[in-house]
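Remarks on the overall topology
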Amino acid sequence: MRVFLVFLVAATMVVGTAYAQKTRIYGSVKDANSGEPLISANVVYAEGMGVVTDFDGKYSIDVPNGDYTLTVSYIGYEQQVAVLSNLKGNALELNFSLSTITLNEVKVVADMALDRETPVAFTNIDPVKIKEEVSSQPLPMLLNSTPGVYATQQGGGAGDARVTIRGFSQRNISVQIDGVPMNDMENGWVYWSNWFGLDGVTQRIQVQRGLGASKLSIPAVGGSMNILTAGITSKRSTEIGLTVGNNGLIRTNVSYNSGRLPKGWGVTAAFAFDRQDGWVEATWATRLFYFVKLQKQIGNHSLSVSGMGAPQERGQRSFMQPIFMYDRAYAQSVGVDLNHVSVTSNPLEGNYGSRYNQQWGNVIRNRNDPNAQSELQSVAENFYHKPIFSFKHFWAKNKWAVSNIVYGSFGRGGGTQLRGNTAAFDQYGHFDLSALYQDNITGTIFVPPYDTTSVNDTSQYKSRNFVLANMNNHYWYGLLSTVNHKFNDAWDLSVGIDFRSFWVERYSTPYDLLGGDYVVINSTSEPFNLFDPGDKVKREGDVAGYRANTNVYTAGVFAQLEYKKDKISGFISVSGANNSYKRSDQYRKRDLVLADTTFRQALGINDTIEYNGTTYTANSKEARIATTDWLHFQGGTAKMGVNYNITDHMNVFVNGGVFFRPPTISDVYAGTSFNIVEGVTTEVSWGVELGYSVKYARWAANVNLYRTTWESRPEKLTVSIGGTPTTINIPNLGSVHQGIEVDAVYKTPWFFDIEGLISYGDWRWKGQAVAFFYEDGNDNPVGSVDVDADRVHVGDAAQFQVAGSIKVKPVKNVYIKGQLTYFDNYYSDFNVLDLQGDNRGRDSWKVPAYYLLDVHAGWVIKLKKMDVILRASVLNVLNKTYISDARNNAVSGSQNFDATSAQVFMGQGTRWTATVGVKF
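Residues numbered from 1 in each chain as written. Predicted model: local features only at pLDDT ≥ 70, side-chain atom pairs only at ≥ 80, totals over all residues. Heavy atoms only, no water.

1. With respect to the sheet that holds strand β23 (residues 321–322)
Spelled out, the test is: Strands were regarded as paired on the criterion that DSSP finds at least two bridges between them. What counts as a helix is a DSSP run of H or I of at least four residues, what counts as a strand is a run of E of at least two, and both are numbered from the N terminus.
A sheet is described by the order of its strands in space; here 3 strands give the open sequence β23-β52-β51, paired in antiparallel fashion. The sheet terminates laterally at β23 and β51 (883–887), the two strands that pair on one side only. The sheet contact formed by β51 and strand β52 (residues 903–906) spans 4 bridges and is antiparallel. Across the sheet, residue I883 finds its bridge partner in β52, namely M906.

Rendered as structure tokens:
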């Protein structure tokens, strides 16, 4: 290496002598909003002297030493000028981002922040970074190199990622694709597996931290993440790729972008297929992805129709385990008392490895085939398809712009779990499904006393153990309309409406009876309380257990005034919204009346019951369906920010605001009950942020200070108390999130680039609260307890983060990148019920710090008519053993706030992928 550096310095001196009379100026020209390269942009250094950018938006000029004014221009874009003084032969990199003269669709619709203009903290992730680093990971995992972000793959299933920003979970982060909101309307969660192949058409990802620039009427206190897809403004390209990786991973993908076709047409399409066994046991996946976007420009109008989806079937690891179950030596090293766990915590010995997943087993289905072979069976399967469609219209002329987006989504599918005997394990700690199967096909015939016709064949076996599927079918529609008017060169105003409608049907159904023929729902051995007693015998595919519907409506308005002139830019934004909720349950009304199990079994299907003074036929629809009244919650936002460009290279900004956020419907109702949680109310948060940025041709840095306070923050958890499923609701906790973030990049004049960041947070819960207990099926709280979380650290995310990368480019079109990420101050997710008595104000167990090293490499072979692309990635190169997710005091009967009491997900070990592709 030392010899190589000496040679490099010597070569540089020779070249410098030969060209001492000239200076090379090089760089790129891109669209400021989309990040796309601008082809054939003019770069002029003297009258009649200059070049145009190439197909990648890049340029290079050799100019005599001296003073110059470099002018960059492109049709429809604002011209930029750079004054260059006293050039003396050193190469100079200058990159330009041009803004459109007319109002831009991306700026109006997608709320994308701009450098040195929008007063918020944000990070852009471009397509090059995505393709280089994504490997086999879900998109959120790329964000771990963003300040204040903590992302994990949770149980390790394909697409089972989660992300937090500044300590706020993704329930409190607005996620959008091309400006369309993607958060679940019931609880705010984001299901990344629904878009696993989106990286193939992603133009840019922008992560805004804190208040952000989003105008949407439903606020997100943690920040926002907007994914822009390629379209008519992109250059024409076709890309075909094949990726292979560890554990049988194979993925094929094809993407096509037409760019702008004659007469204003444009087409973008992508397809991908993925199959893998999964690094974690039994997390196999088979997934398909499709994306199609058709665009048409007619004068000042732009029309777009798009659709995408990812039908999938995959295994999951959804249950955390005590640490010793994975690795006894590691458990002991982090403080686990192995003598204690061996006696009291678990009948299993553990030490099954970091890949361990309890939720599967081998089963021999030999009831009808004596020669049947053992087969792998997951009892935590997910099967889902959520296609998303949108129609967009954008019109811009002179100083006006109008945008309308209509979108819809129709989700179908569910997930499975084992019911019956869940304590039968094989020698490897997995469910002993073969034993459960044999138990089902050798047991005695069971005929319920209230059913004499459905099951009278002595060859029919009752399943004592079976796999149940919980189904979720929903319809989701929305309208987002924005009108923008530019009063003059300094002021413009945006106003709009945000309407969303969501309806979901939930029910359970026997998915796999494990050799049996039927299952009896609501017998004394099954914990189902909400079902029609006249129809208890269920077979695979029958509706069973419950059938509940939910309606959510949101109607909001927003307005944002923006200013930009000379060195100052800023905005003032306000919004208001009304959320309306309604629930119905097809079996709850009879359950409220028929509380006595004996009476339920004796009731005939034509008998009558009385409810609220009205007599119903027992089996009638009216007797079964119970519906709540509409509930309404109001919310809104008020925020502002100002940016000041101190010099051509430095700027400072400040922003602040207050959010009034309606509680989600999952926070309003207690578990499956119809009762409103005691004390639930509109959540209030406010925050302030100060930022400073410096940017030169070769290096740039950002510093951000922030503080956010959140009042009336709801927390909810489900536990088992005395064998009864119980929901704990805490409607009125508070928290304070404050910290500092620093990130920097240095593009050396040699053959490597350096990036780094450091983020320190101090996130703590605030005050005391009352926790209310709701038993499953009971509409009223059965108890309450005072808890004290004051000054307890917010858990479930690392509060200290350091990351860095070095990208080496030894020769043209070849790169090797090493990334190191370090996380610390991660407190396990708490159970607020533990914070009473002597444990009031006690911190959760602190997870050991860890670091990960990833390596990426690639080579683009430039041929005459195409590029051949070779890429490879190795994740967790050092195969570090670490804990990625943890829950405090989750081990039954243990409240020691330590490693022995915690349950965790272990992070994944070394994985690799290799890709070969062509682009033309």
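From this point on, the discussion continues.
2. A look at the packing of aromatic side chains
The condition is simple: Here a Phe, Tyr or Trp ring, Trp counted by its six-membered ring, pairs with any other such ring whose centre lies within 6.5 Å, and the pair is stacked when the planes are under 30 degrees apart, edge-to-face when over 60, and tilted otherwise. Throughout, exposure labels follow a simple rule: accessible area from a 1.4 Å probe, protein chains only, divided by the maximum for the residue type, with under 20% read as buried, over 50% as exposed, and the rest as partly exposed. A ring is scored as having a charge over it whenever the NZ atom of a lysine or the CZ atom of an arginine sits within 6 Å of its centre and within 35 degrees of its normal.
Tallying each qualifying case throughout the model produces 26 aromatic pairs. Ring geometry for Y581 against F633: centres 6.0 Å apart, planes inclined by 35°, an arrangement best described as tilted. Taken together, the positions of Y581 in strand β34 (residues 568–585) and F633 in strand β38 (residues 631–645) put the pair 52 residues apart, joining distant regions of the chain. F633 matches Y581 in its accessibility class, with the two residues each being buried. An angle of 25° between the planes, with centres 4.4 Å apart, marks the rings of Y850 and Y882 as stacked. You can see Y850 sitting in strand β49 (residues 850–862) and its partner Y882 sitting in the loop between β50 (867–875) and β51, a full 32 residues away along the chain. Of the two residues examined, Y850 and Y882, each falls in the buried class. Every member of this aromatic cluster is reached through a ring pair, and the members are Y150, F823, Y826, Y850 and Y882. The ring of Y706 carries the charged tip of R166 above its face, separated from the ring centre by 4.0 Å. Its end group placed over the ring of Y815, K807 keeps NZ or CZ at 5.2 Å from the ring centre.

3. What to know about the side chain of N194
Here is the rule: By the convention used here, residues are in contact when the closest approach between their heavy atoms is within 4.5 Å.
Position of N194 relative to the elements: it lies in the loop between β14 (180–181) and β15 (202–209). Accessibility expressed as a relative area gives 6% for N194, which makes it buried. If we skip the residues at most four places from it in the chain, N194 touches G309, A310, Q312, Y384 and K386.

4. Observations regarding unusual backbone geometry
With phi around 55°, R166 is a residue other than glycine that occupies positive phi space. Within the fold, R166 resides in the loop between β11 (162–165) and β12 (168–169).

5. As for the environment of T709
Mapped onto the secondary structure, T709 falls in strand β41 (residues 699–721). Exposure remark for T709: the relative accessible area of 4% places this residue in the buried category. It is 5.9 Å that separates the C-alpha atoms of T709 and S735, two residues lying 26 residues apart in sequence. If we skip the residues at most four places from it in the chain, T709 touches V684, S685, W686, S735, V736 and K766.

6. A short note on the sheet that holds strand β13 (residues 173–177)
Here 5 strands make up an open sheet; going across it, the order is β9-β15-β16-β13-β14 and the pairing mixed. Each end of this open sheet is capped by a strand with a single partner; those strands are β9 (121–125) and β14. Alignment of β15 against strand β16 (residues 223–229), held across 7 bridges, turns out to be antiparallel. Directly across from R204, in β16, lies its bridge partner L228.

7. Section: the pattern of salt bridges
To keep things clear, this is the line we draw: By convention in these notes, a salt bridge is any Lys or Arg side-chain nitrogen within 4 Å of a carboxyl oxygen on Asp or Glu.
All told, the structure shown has 31 salt bridges when counted by the stated rule. Among the salt bridges present, the one from R24 reaches D62, with a minimum N-O distance of 2.8 Å. Placement of R24 in strand β1 (residues 22–31) and of D62 in strand β4 (residues 58–64) is noted, with a sequence separation of 38 residues between them. Accessibility expressed as a relative area gives 42% for R24, which makes it partly exposed. Two residues, R500 and D498, come together in a salt bridge whose shortest N-O distance is 2.9 Å. With relative accessibility at 8%, the residue R500 sits in the buried group. Residue class for D498 comes out buried when judged on its relative accessible area of 1%. Salt bridges linked by common partners bring K129, E132, E133, K807 and K817 together as one network.

8. Quick notes on helix α6 (residues 433–442)
Using the following cut-off: Here the arc refers to the set of directions running from the helix axis out to each C-beta atom.
Buried within α6 we find L433, S434, L436, Y437, N440 and I441. Relative to the axis of α6, the buried residues are bounded by an arc of 160° and lie together on one face. Considering only its buried residues, α6 is in contact with β24 (360–364), β25 (374–378) and β28 (400–419).

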